[in-house]
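Breakdown of the fold
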Amino acid sequence: DGGITQSPKYLFRKEGQNVTLSCEQNLNHDAMYWYRQDPGQGLRLIYYSQIVNDFQKGDIAEGYSVSREKKESFPLTVTSAQKNPTAFYLCASERVPSGRASSYNEQFFGPGTRLTVL
Amino acid sequence: AQSVTQLDSHVSVSEGTPVLLRCNYSSSYSPSLFWYVQHPNKGLQLLLKYTSAATLVKGINGFEAEFKKSETSFHLTKPSAHMSDAAEYFCVVSDWTGANNLFFGTGTRLTVIP
């Protein structure tokens with residue numbers, strides 16, 4: 001089955017610790033995205049990557065870091081610099097036909113990771 | 001700049017009655033618009049999308065939406081609600097600035113009463 005997997009589903013972290021959230025896709029999609037969702041709010045973009053070894057900051061990148069060493073993987077690290085890390089984190093991927101990204105393309109979402117800082 | 005306003009944070013309907021979830025958008029050019037559904041503690045699933053073709057868009061599970069440029073609206077409808085439709089619904093506009101950045105509304109929680 002093709003799809004996007006995120007692990008773990010629930011994650012608890014002590015304040016001051018870094019933590020890495022996993023996102024893997026076997027859809028052969030070029031672009032990948034990380035979003036954060038807070039209660040009663042829509043999703044906000046943290047980082048995105050359109051190609052291996054390249055990524056760009058989204059609207060709320062402070063306190064986060066990413067890497068894109070492989071096409072199928074886009075891990076997100078929540079650092080101790082992130083002031084309010086408790087949230088639901090969603091990863092998404094997007095097929096880019098003929099290497100041309102487009103606003104017409106659908107993004108496919110993983111099941112999410114709920115991070116709680118104790 | 002792109003933005004989305006979902007006019008109702010919570011909508012309750014009885015099973016078998018029509019559903020209307022309202023969405024207004026702001027975009028500086030011809031937008032792409034989407035409706036996504038999210039069940040509790042799950043990822044998002046695409047219901048339907050508008051990409052400048054037909055203004056009436058049909059999606060999965062009997063949902064449809066109509067793009068009205070004059071009203072800058074993209075309301076989601078369904079003729080008859082089912083219990084399984086209870087979920088959070090997000091209206092989304094795409095910002096094409098070299099990447100497919102999505103701007104999400106704050107969501108509408110749909111409750112279906114038996």
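Summarised in this report is the structure supplied together with it. Model, not experiment: these values are computed from the prediction. (Residues numbered from 1 in each chain as written. Chains lettered and ligands numbered in written order. Predicted model: local features only at pLDDT ≥ 70, side-chain atom pairs only at ≥ 80, totals over all residues. Heavy atoms only, no water.)

A few words now on the overall build of chain A. Check the secondary structure of chain A and you find zero helices and 11 strands. Ordered by position from the N terminus, the helices and strands of chain A form the series β-β-β-β-β-β-β-β-β-β-β. Over its C-alpha trace chain A gives a radius of gyration of 14 Å, about what one expects of a compact globule, namely 13 Å for 118 residues. When the backbone C-alpha atoms are referred to their principal axes, chain A occupies close to 45 × 30 × 30 Å. Burial statistics for chain A: of 118 residues in total, 48% are counted as buried. Partitioning the intrachain contacts of chain A with sequence separation of at least 6 by distance along the chain shows that 55% fall at a separation of at least 24. Working note: accessible area of chain A is about 5,900 Å², and carbon and sulfur atoms make up 46% of it. Taken as two groups, the 13 positive and 12 negative side-chain charges of chain A have centres that lie 4 Å from each other. (Helix = DSSP H or I, 4+ residues; strand = E, 2+ residues; numbered from the N terminus. Rg over C-alpha atoms; globule rule 2.2 N^0.38 Å. Buried < 20%, exposed > 50% of the residue type's maximum accessible area, 1.4 Å probe, protein only. Contact = heavy atoms within 4.5 Å. Areas by Shrake-Rupley, 256 points an atom, 1.4 Å probe, with all protein chains shown as cover. Lys, Arg positive; Asp, Glu negative; His and termini not counted. Charge placed at Lys NZ, Arg CZ, Asp CG, Glu CD.)

So, about unusual backbone geometry. In this model, Ser7(A) is joined to Pro8(A) through a cis peptide bond whose omega is -10°. Note on placement: Pro8(A) falls in the loop between strand E1 (4-7) and strand E2 (10-13). With a phi close to 60°, Asn28(A) is a non-glycine residue in the positive phi region. Structurally, Asn28(A) is set in the loop between strand E3 (19-25) and strand E4 (31-37). Overall, Asn28(A) belongs to the exposed group, its relative accessible area being 56%. With phi around 45°, Thr72(B) is a residue other than glycine that occupies positive phi space.

All names here are of chain A. The sheet built from four strands is open, its strands ordered E1-E3-E8-E7 with antiparallel pairing. In this open sheet, the two edge strands, each paired with only one partner strand, are E1 and strand E7 (64-66). Neighbour to neighbour, the strand axes of the sheet diverge by 20° on average, direction disregarded. Where E3 meets strand E8 (residues 76-78), three bridges bridge the pair, whose relative direction is antiparallel. For Val-19, the partnering residue across the bridge sits in E8 and is Val-78. (Pairing = 2+ DSSP bridges. Axes fitted to C-alpha atoms, helices over the stretch in contact; angles between N-to-C directions.)

Residue-level contacts link 27 residues of chain A with 24 residues of chain B. Overall, the association of chain A and chain B removes approximately 2,000 Å² of surface from exposure, summing both partners, and the carbon and sulfur fraction of that is 51%. There are zero salt bridges connecting chain A and chain B. Linking chain A to chain B there are two residue pairs in polar contact (both at pLDDT 80 or more). (Buried area = accessible area lost by both parts, 1.4 Å probe. Salt bridge = Lys/Arg side-chain N within 4 Å of Asp/Glu carboxyl O. Polar contact = N/O pair within 3.5 Å; in protein donor to acceptor, adjacent residues only side chain to side chain.)

This part takes up the state of the cysteines. Residues and elements named next belong to chain A. Taken as a whole and judged by the stated rule, the model has two disulfides over all chains. The partner cysteine of Cys-23 in its disulfide is Cys-91, sulfur to sulfur 1.9 Å. In this structure, the disulfide formed by Cys-23 and Cys-91 twists by about -75° around the S-S bond and is classed as left-handed. On the criterion of sequence distance, the pair formed by Cys-23 in strand E3 and Cys-91 in strand E9 (residues 87-94) is long-range, its members being 68 residues apart. (Disulfide = S-S within 2.5 Å.)

With that settled, the discussion passes to the pattern of salt bridges. All names here are of chain A. Taken as a whole, this structure holds seven salt bridges over all chains when the rule is applied. The salt bridge involving Arg-36 is made with Asp-38; its shortest N-O contact spans 2.9 Å. Residue Arg-36 is classed as buried on the basis of its relative accessible area, which comes to 7%. Note on Asp-38: relative accessible area 10%, which makes it buried. One network of salt bridges, in which partners are shared, links Arg-36, Asp-38 and Arg-44.

A separate point is the pairing of strand E6 (residues 44-50) of chain B. Residue and element names in this part refer to chain B. Burial runs high along E6: five of the seven residues are buried. Where strand E5 (residues 33-38) lies against E6, six bridges are found, and the strand directions are antiparallel. The residue bridging Val-37 from the neighbouring strand is Gln-45, located in E6. Between E5 and E6, which follow one another and run antiparallel, lie five residues, and Asn-41 among them has a positive phi close to 55°.

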